[in-house]
Amino acid sequence: VAEEHASRERLLADLIKVLTLERLEINLFRGESRDIGSPQVFGGQVLGQALAAASGTVSGREVHSFHAYFLRRGDVNLPIVYEVDRARDGNHFSMRRVIAIQNGEQIFNMSASFQSHEEGLEHQISAPVVPAPEELVDLAAHARELLAHLPERRRQFLSLPRPFEFRPVHPTDYRNQQKRAPRNSVWFRAVSKLPDDDALHRVLLAYVSDFALLETALMPHAMNSLTSPLVMASIDHAMWFHRSARVDDWLLYSTDSPSASGARGFARGSIFARDGRLVASTAQEGLMRVIKPQ
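Quick caveat, the model's predicted, so the values are computed rather than measured.

Colleague: An account of the overall build of the protein is requested, with residue identities and associated values reported.
Modeller: Assigned secondary structure in the protein consists of five helices and twelve strands. In terms of overall size, the protein behaves like a compact globule, its C-alpha atoms giving a radius of gyration of 19 Å where 294 residues would be expected to give roughly 19 Å. Referenced to the eigenvectors of the C-alpha coordinate spread, the extents of the protein come out at roughly 55 × 45 × 45 Å. Burial analysis of the protein (294 residues in total) assigns 47% to the buried set. By sequence separation, contacts in the protein at least 24 residues apart represent 73% of the contacts at least 6 residues apart. Surface summary for the protein: the accessible area is close to 14900 Å², and the carbon and sulfur share equals 51%.

Right, dumping it as structure tokens:
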């Protein structure tokens, strides 16, 4: 157990390295990729790196939202170049546009908005009532029980260690999938303590927000991304940061899917701190194309 935890701590340190970009020019950055077992560069990595690039051109303001589109699959073996357009710096808000490039082609773009700190009206929805993370099984332990029953090409995704802990309230039973309402909740946190850097925590929150979101849209159909005959890919991803949060403390990701149609699924999420504060909201639409038998 200690050896596994040390390995995951090294992965977290490596993730921070991956999200810390090389500055090539004043508005030009380069990042490397890591293979997490998915067929292309993990979307959360590109989200985090693009946000890091945009944040690198803003001073004294915090990101409060971004809207992004995934245009092409990223190649995990090649670097990604991020070009930032400083669209506007106003009295209170700054807007940035980011283009991610591989092989001379755009693979992703993002618009991100930053705001100076202001006080104002406040309200929020309540967090769902779910068991505490200490009462739930870590997804890594749950995955180990499933590996022997999964196709070889899917084992890598579940078997690789992660820099985050995930504790789902209702773990997916890949061997006996049942139709469920399109709602899900999972606790998550980074595996070790992180620096007191709010910008870093927001970048890491963007990274981890891409886990388990679109999967919610499969639940009414008794399908999942690992064993069902599907082609899945993120089309777009939006995120709003409401309040500061630490990703090395437990956060609850509560998701639902209002609709699926046209070979696309739509899902949205609310991220709550353990004290019930709503810290962020997400929305994503993705391709969910059923592969028909030959």
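Colleague: Let's hear about the environment of Arg 96: which residues, and what values?
Modeller: Take Arg 96: it is sitting in strand 5 (residues 93–102). Look at Arg 96 and you get buried, because its relative accessible area is 1%. Distance from Arg 96 to Tyr 82, taken between C-alpha atoms, is 12 Å for residues 14 residues apart in sequence. Looking at Arg 96, its side chain comes within polar contact range of the main-chain oxygen of Arg 88, at 3.3 Å.

Colleague: Explain the environment of Gln 49 to me, and be specific about the residues and the numbers.
Modeller: With respect to the helices and strands, the residue Gln 49 is situated in helix 2 (residues 43–55). For Gln 49, a relative accessible area of 0% gives the class buried. Side-chain polar atoms of Gln 49 contact the backbone oxygen of Glu 32, separated by 2.9 Å.

Colleague: Tell me about the pattern of salt bridges, and please be specific about residues and values.
Modeller: Under the definition given, this model contains 18 salt bridges. With a closest N to O distance of 2.7 Å, Glu 134 and Arg 274 form a salt bridge. In this pair, Glu 134 sits in the loop between strand 6 (105–115) and helix 3 (139–146) while Arg 274 sits in the loop between strand 11 (264–273) and strand 12 (278–290), placing the two residues 140 residues apart along the sequence. What makes Arg 274 partly exposed here is its relative accessible area of 43%. Linking Arg 277 and Asp 275 is a salt bridge whose minimum nitrogen-to-oxygen distance equals 3.0 Å. The class of Arg 277 is partly exposed, set by a relative accessible area of 31%. Through salt bridges with shared partners, a single network forms among Asp 14, Glu 32 and Arg 34.

What counts and what doesn't
Residues numbered from 1 in each chain as written. Predicted model: local features only at pLDDT ≥ 70, side-chain atom pairs only at ≥ 80, totals over all residues. Heavy atoms only, no water. Helix = DSSP H or I, 4+ residues; strand = E, 2+ residues; numbered from the N terminus. Rg over C-alpha atoms; globule rule 2.2 N^0.38 Å. Buried < 20%, exposed > 50% of the residue type's maximum accessible area, 1.4 Å probe, protein only. Contact = heavy atoms within 4.5 Å. Areas by Shrake-Rupley, 256 points an atom, 1.4 Å probe, with all protein chains shown as cover. Polar contact = N/O pair within 3.5 Å; in protein donor to acceptor, adjacent residues only side chain to side chain. Salt bridge = Lys/Arg side-chain N within 4 Å of Asp/Glu carboxyl O.

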